[in-house]
Amino acid sequence: MHIHYLSQNNSILNHFLAQIRDVKVQKDTMRFRKNIERVGEIMAYEISKTLEYAPVSITTPLGKKETEFVKKPVVVCSILRAGLTLHNGLLNFFDDADSGFVSAYRYHPNNDDEFVIQTQYQAVPNLTGKTLLLADPMLATGLSLEAVFKKLMATNKPEEIHIAVVIAAPEGIAHLQETLPDNVHLWVADKDEYLNSHKYIVPGLGDAGDLAYGERL
Ligand SMILES: O=P(O)(O)OC[C@H]1O[C@H](OP(=O)(O)OP(=O)(O)O)[C@H](O)[C@@H]1O
Ligand SMILES: O=c1cc[nH]c(=O)[nH]1
Ligand SMILES: [Mg+2]
């Protein structure tokens, strides 16, 4: 797997990441969603630099301008719920992209810290031959991304795959390295320290889905 870390060099990205982590700023849920969307926009721009381009000719009022556009169709797929925030940011820049949605949640059969990932809902266009951008803000154990990835690949063969996450635990990165193919690109805005006993990222930001959309029952 090719891993790209976005916050190795200082940039305005630090400000957005700090705000989504800050317990005081997090209370402003609109700002929380907007900041993850802004990280998605930065990720879209960085990913776009690595894609294949093809020549196009644009007619201006005064002449012709030769330039290059992204060659293969892009599909943005996100993991419900928290992925929706990042999805919007990616889509703001890849404005012709189609969209796909897959659900994933941690099911605790014994009401303790043990869980399995349930993926039920899937509404995804044909990905074969296209560039897939798979979005989820949090990479903790990596089990959600692994499950969704395998579900998508059972019926699709994208030509290129980019996974976009905002905050990643080292455990989750290692898990994806072990379970996903070598040609997958993983884009990480910030790498954190470790997972706690509930498999939450430390220092992380808490529960991204709840912060964006309210606590679920
Ligand atoms: O790497 P993992 O250990 O699988 O954890 C990461 C998952 O947890 C969060 O979703 P959550 O299950 O909280 O669902 P939600 O988005 O509906 O809140 C997050 O958005 C990931 O999908
Ligand atoms: O730290 C974590 C782990 C899983 N899901 C989240 O939203 N946050
Ligand atoms: Mg959640």
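If you're wondering where the values come from, they're calculated on a predicted model, not measured in any experiment.

## Quick word on the site of ligand 2
Moving on, step 1. In the vicinity of ligand 2, the contacting residues are Arg106, Met138, Ala140, Lys199, Tyr200, Ile201, Gly206, Asp207 and Ala208.
Moving on, step 2. For ligand 2, an oxygen atom lies 2.8 Å from a polar atom in the backbone of Ile201.
Moving on, step 3. Between ligand 2 and Gly206 there is a distance of 2.8 Å, counted from a nitrogen atom to a backbone nitrogen or oxygen.
Moving on, step 4. Considered on its own, ligand 2 offers 230 Å² of accessible surface; in the complex 88% of this is hidden by protein.
Moving on, step 5. Residues belonging to the shell around ligand 2 are distributed by class as follows: five nonpolar, one polar and three charged.

## Brief notes about the UniProt feature "domain: Phosphoribosyltransferase" (unreviewed entry) in the protein chain
Moving on, step 1. Here the UniProt feature "domain: Phosphoribosyltransferase" (unreviewed entry) sits at residues 10-214.
Moving on, step 2. End C-alpha to end C-alpha, residues 10-214 measures 31 Å, and it is 33% helix and 31% strand.

## Things to note about the nonpolar core
Moving on, step 1. Among the nonpolar cores identified, the biggest contains 35 residues, and Ile20, Val39, Met43, Leu90, Val166 and Leu205 are the most heavily contacted of them.
Moving on, step 2. Elements with a contribution of two residues or more to this core: α1 (13-21), α2 (29-48), β4 (74-80), α3 (83-93), β9 (131-135), β11 (160-168), β12 (185-191) and α6 (208-213).
Moving on, step 3. If you tally residues by element for this core, the top one is α2, at six residues.
Moving on, step 4. Residues in contact with Met43, not counting those within four places in the same chain, are Leu6, Leu86, Leu90, Ala164, Val165, Trp187, Val188 and Ala189.
Moving on, step 5. Core analysis: the next-biggest nonpolar cluster, separate from the first, contains 26 residues, Cys77, Ile79, Leu134 and Val148 among them.

## Comments concerning the environment of His108
Moving on, step 1. Mapped onto the secondary structure, His108 falls in the loop between β6 (105-107) and β7 (116-118).
Moving on, step 2. As a C-alpha pair, His108 and Asp210 span 102 residues in sequence and 17 Å in three-dimensional space.
Moving on, step 3. What His108 contacts, discounting residues up to four positions off in sequence, is Asp113, Glu114 and Phe115.
Moving on, step 4. One polar contact links the side chain of His108 to the main-chain carbonyl oxygen of Asp112, over a distance of 2.8 Å.
Moving on, step 5. Polar contacts involving the side chain of His108 include one to the main-chain carbonyl oxygen of Glu114, which spans 3.2 Å.

## Topic: the environment of Asp22
Moving on, step 1. By secondary structure assignment, the location of Asp22 is in the loop between α1 and α2.
Moving on, step 2. Given a relative accessible area of 32%, Asp22 falls into the partly exposed group.
Moving on, step 3. In this structure, the C-alpha to C-alpha distance between Asp22 and Phe32, residues 10 residues apart in sequence, is 9.8 Å.

## As for the layout of surface pockets
Moving on, step 1. The computed volume of the largest pocket comes to approximately 670 Å³.
Moving on, step 2. Lining the largest pocket are 30 residues, with Arg106, Ser144, Tyr200, Asp207 and Arg216 positioned closest to its centre.
Moving on, step 3. Of all elements in the fold, only β4, β6, β10 (138-139), α4 (143-153) and α6 reach the threshold of two or more residues within the lining of the largest pocket.
Moving on, step 4. There is about 320 Å³ of room inside the second largest pocket.
Moving on, step 5. Contributing to the lining of the second largest pocket are 15 residues, with Val70, Val74, Phe94, Asp95 and Asp96 lying nearest its centre.
Moving on, step 6. Elements supplying a minimum of two residues to the lining of the second largest pocket: β3 (63-70) and β4.
Moving on, step 7. Counting residues per element, the lining of the second largest pocket draws most heavily on β3, at three residues.
Moving on, step 8. In terms of residue class, the lining of the second largest pocket is built from nine nonpolar, no polar and six charged.

## Examining the packing of α1 against α2
Moving on, step 1. Relative to each other, α1 and α2 sit at 145 degrees, their axes nearing to 9 Å. Relative to α2, α1 is oriented so that their crossing is left-handed. Counted together, Leu13, Phe16, Leu17, Gln19 and Ile20 of α1 and Arg31, Phe32, Asn35, Ile36, Arg38, Val39 and Ile42 of α2 form the full contact between these two elements.
Moving on, step 2. Its residues assigned to classes, the contact of α1 with α2 comprises eight nonpolar, two polar and two charged.

## Remarks on the side chain of Glu146
Moving on, step 1. Residue placement: Glu146 occurs in helix α4.
Moving on, step 2. With sequence-adjacent residues up to four places away left out, Glu146 is seen in contact with His175, Leu176 and Thr179.

The rules behind the values
Residues numbered from 1 in each chain as written. Chains lettered and ligands numbered in written order. Predicted model: local features only at pLDDT ≥ 70, side-chain atom pairs only at ≥ 80, totals over all residues. Heavy atoms only, no water. Near = heavy atom within 4 Å. Polar contact = N/O pair within 3.5 Å; in protein donor to acceptor, adjacent residues only side chain to side chain. Areas by Shrake-Rupley, 256 points an atom, 1.4 Å probe, with all protein chains shown as cover. Nonpolar A, V, L, I, M, F, W, Y, C, P; charged D, E, K, R; others polar. UniProt positions renumbered as here; feature names shortened; annotations may be inferred. Helix = DSSP H or I, 4+ residues; strand = E, 2+ residues; numbered from the N terminus. Core = buried A, V, L, I, M, F, W, Y, C linked by side-chain atoms within 4.5 Å. Buried < 20%, exposed > 50% of the residue type's maximum accessible area, 1.4 Å probe, protein only. Contact = heavy atoms within 4.5 Å. 1 Å grid on protein atoms, 1.4 Å probe; cavity = no way out; pocket = protein on both sides within 12 Å on 5 of 7 lines; lining within 4 Å. Points joined across faces, edges and corners; volume = space filled by probe spheres on them. Axes fitted to C-alpha atoms, helices over the stretch in contact; angles between N-to-C directions. Left-handed = near helix turned anticlockwise from the far one by under 90°.

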